[in-house]
Amino acid sequence: MNQGMLREGALQGKTIIVTGGGTGLGKSMSRYFLQLGANVTICSRRQNVLDEAAKELMDETGRSDGSGQVLALACDVRNPQEIENVIAETVNRFGRIDGLLNNSAGNFISPTERLSYKAFDVIVDIVLRGTYYFTLAVGKHWIENQIKGTVLNISTTYAQTGSGYVVPSAVAKGGALIMTKSLAAEWGKYGIRLNAIAPGPFPTKGAWDRLFPEPLMKLMDPTSRIPLKRVGEHQELANLAAYLLSDFSGFVTGECITIDGGEVLMAGEFNHLEQVSSEMWDVIEQTIKQANRASKS
Ligand SMILES: CCC/C=C/C(=O)SCCNC(=O)CCNC(=O)[C@H](O)C(C)(C)COP(=O)([O-])OP(=O)([O-])OC[C@H]1O[C@@H](n2cnc3c(N)ncnc32)[C@H](O)[C@@H]1OP(=O)([O-])[O-]
Ligand SMILES: NC(=O)C1=CN([C@@H]2O[C@H](COP(=O)(O)OP(=O)(O)OC[C@H]3O[C@@H](n4cnc5c(N)ncnc54)[C@H](OP(=O)(O)O)[C@@H]3O)[C@@H](O)[C@H]2O)C=CC1
């Protein structure tokens, strides 16, 4: 499904900060927020990537009514001063902040015993520390100014199930998910909502280069483990993100919505049995029935 879901102007008057908004899924979600009339600040470490993305997004979505504008600001989410600067510059340019999308991440596959301390730290610092630093800074701003803002955190399905070979990412995404739920309980009294999305595989250069590098891609097709037998489309994720950042989801908080074509369900112990052929099932049935009969005699 490649169509926008919300009605025209559904995010008009809102300002949303998107971390990692210059590439991949962050850029796709930013594009849809702009189409819906929101002003969007995109931020990440590389100013040149952000500038290019901002130009591309404005060329595609540019509106004449003054809404749907992009601000591109360099910011390492591990640095509180740079986060404070993004907040100040966003308020300065757009007058307010209504939403924060914590989307920046780092990740790569590796057997955990091959990781140095620094390799573990770099992922946890971007994903967990970056998410709580930004959430804390924006949350304080909202509470001080009595603004009923919304945080959306991009999680993963393995934040709840765990997963080998991406352990620093799983640890960090798991921590961020618990923060989402904990703060939803604590900050609900201020009208602040926090939710998360757990996407399955959505093709992006950033993820594919680091999770399905060339020799692996030949060996394993990521769609083979997905009941719906396909990867996600960026617009499908953007639709869900826009809904969770909009007022239409005003009674949803502390929730994590999975959008993965059913991939997480394949963790079930017997799901690999889908590879058994019909003829083999005939043999298996007879073998089990024989065992049943034998156990009665
Ligand atoms: C479907 C699944 C869900 C998807 C989730 C996603 O998040 S997708 C999003 C995906 N998008 C992104 O990830 C985008 C952002 N990612 C990035 O910018 C980079 O990938 C990085 C910063 C995470 C690592 O880059 P860098 O290495 O240039 O950074 P650095 O110089 O700071 O070094 C850090 C330490 O890590 C070590 N190390 C590195 N690779 C490996 C390896 N394969 N093996 C072992 N170790 C490795 C390296 O040797 C060093 O340790 P040392 O030797 O000094 O003790
Ligand atoms: N694609 C997929 O299949 C899935 C993705 N996800 C999640 O979706 C989100 C987007 O990933 P995706 O679009 O695939 O990958 P990308 O690599 O395109 O996105 C990661 C972004 O994070 C930014 N970033 C990295 N480090 C920092 C930092 N220290 N400070 C600020 N920004 C930083 C990068 O920009 P820069 O380098 O300029 O800093 C980049 O824009 C991530 O949270 C990821 O975990 C979850 C499940 C599946």
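Residues numbered from 1 in each chain as written. Chains lettered and ligands numbered in written order. Predicted model: local features only at pLDDT ≥ 70, side-chain atom pairs only at ≥ 80, totals over all residues. Heavy atoms only, no water.

Using the following cut-off: UniProt positions are given in the numbering used here, feature names are shortened, and annotations may be inferred rather than shown by experiment.
An unreviewed UniProt entry lists the chain under the name Peroxisomal trans-2-enoyl-CoA reductase, with Nibrella saemangeumensis given as the organism. The record held by UniProt for the chain lists under Subunit (unreviewed entry) the comment "Interacts with PEX5, probably required to target it into peroxisomes." Under the UniProt heading Pathway (unreviewed entry), the note attached to the chain is "Lipid metabolism."

Points about the overall build of the chain
For the record, the criterion: Runs of E in the DSSP output that reach at least two residues are strands. Runs of H or I that reach at least four are helices, and both are numbered from the N terminus. Think of it in three bands: residues with accessible area under 20% of the maximum for their type are buried, residues over 50% are exposed, and the middle band is partly exposed, with areas taken using a 1.4 Å probe on protein chains only. Any two residues having at least one pair of non-hydrogen atoms within 4.5 Å are treated as being in contact. Method for areas: the Shrake-Rupley scheme with a 1.4 Å probe, in which residue coverage is limited to the protein chains shown. Only four residue types enter the charge count: Lys and Arg as positive, Asp and Glu as negative, with His and the chain ends excluded. To locate a charge, take NZ of a lysine, CZ of an arginine, CG of an aspartate or CD of a glutamate.
A count of helices and strands for the chain gives ten helices and seven strands. With the principal axes as the frame, the chain shows a C-alpha extent of 80 × 45 × 40 Å. Within the chain, the proportion of its 297 residues that are buried is 48%. Taking as baseline every contact in the chain between residues at least 6 positions apart, the subset at least 24 positions apart corresponds to 76%. About 15400 Å² of surface is accessible on the chain, with carbon and sulfur atoms providing 54% of the total. Each charge class in the chain can be summarised by its mean position, and for the 29 positive and 31 negative side chains these summaries are 2 Å apart.

Description of the site of ligand 2
Just so we agree on the cut-off: Think of it this way: one heavy atom of a residue within 4 Å of a molecule or strand is enough to make that residue near it. N or O atoms closer than or at 3.5 Å make up a polar contact, with two conditions inside protein: a donor-capable atom paired with an acceptor-capable one, and, for residues adjacent in sequence, both atoms drawn from side chains. Polar here means any residue outside two lists: the nonpolar Ala, Val, Leu, Ile, Met, Phe, Trp, Tyr, Cys and Pro, and the charged Asp, Glu, Lys and Arg; Gly therefore counts as polar.
Taken together, 27 residues are adjacent to ligand 2, and Thr 23, Ser 44, Arg 45, Asn 103 and Thr 204 come closest. Here an oxygen atom of ligand 2 sits 3.4 Å away from a polar atom, N or O, in the main chain of Gly 20. Between ligand 2 and the protein, one listed contact pairs an oxygen atom with a backbone N or O atom of Asn 103 at 2.8 Å. Listed by contribution, the elements that provide at least two residues to the shell around ligand 2 are α1 (24-35) and α7 (205-211). Tallying contributions element by element places α7 first for the shell around ligand 2, with three residues. In the shell around ligand 2, the residues fall into eleven nonpolar, eleven polar and five charged.

As for the packing of aromatic side chains
Here is the rule we go by: When the centres of two rings from Phe, Tyr and Trp lie within 6.5 Å, Trp using its six-membered ring, the rings pair. Their planes under 30 degrees apart give stacked, over 60 give edge-to-face, and anything left gives tilted.
For the coordinates displayed, the defined rule picks out two aromatic pairs. With 5.5 Å between their ring centres and 85° between their planes, Tyr 132 and Tyr 133 make a pair best called edge-to-face. For Tyr 133, a relative accessible area of 23% gives the class partly exposed.

Re the pairing of strand β4 (residues 99-102)
Moving residue by residue along a regular strand, the side chains alternate between the two faces of the sheet. To keep it simple, the criterion reads: Only when DSSP finds a minimum of two bridges between them are two strands counted as paired. When the strands point away from the viewer, a crossover counts as right-handed if the path from the first strand over the helix to the second runs clockwise.
Of the two faces of β4, the one holding Gly 99 and Leu 101 and the one holding Leu 100 and Asn 102 are both buried throughout. Pairing between strand β1 (residues 15-19) and β4: three bridges, direction parallel. Looking at the pairing, Ile 16 lines up with Gly 99 of β4. Taken together, the four bridges between β4 and strand β5 (residues 150-154) define a ladder with parallel strand orientation. Across the sheet, the residue bridging to Gly 99 is Thr 150, located in β5. Traced from β4 through helix α4 (residues 117-144) to β5, the parallel crossover comes out right-handed.

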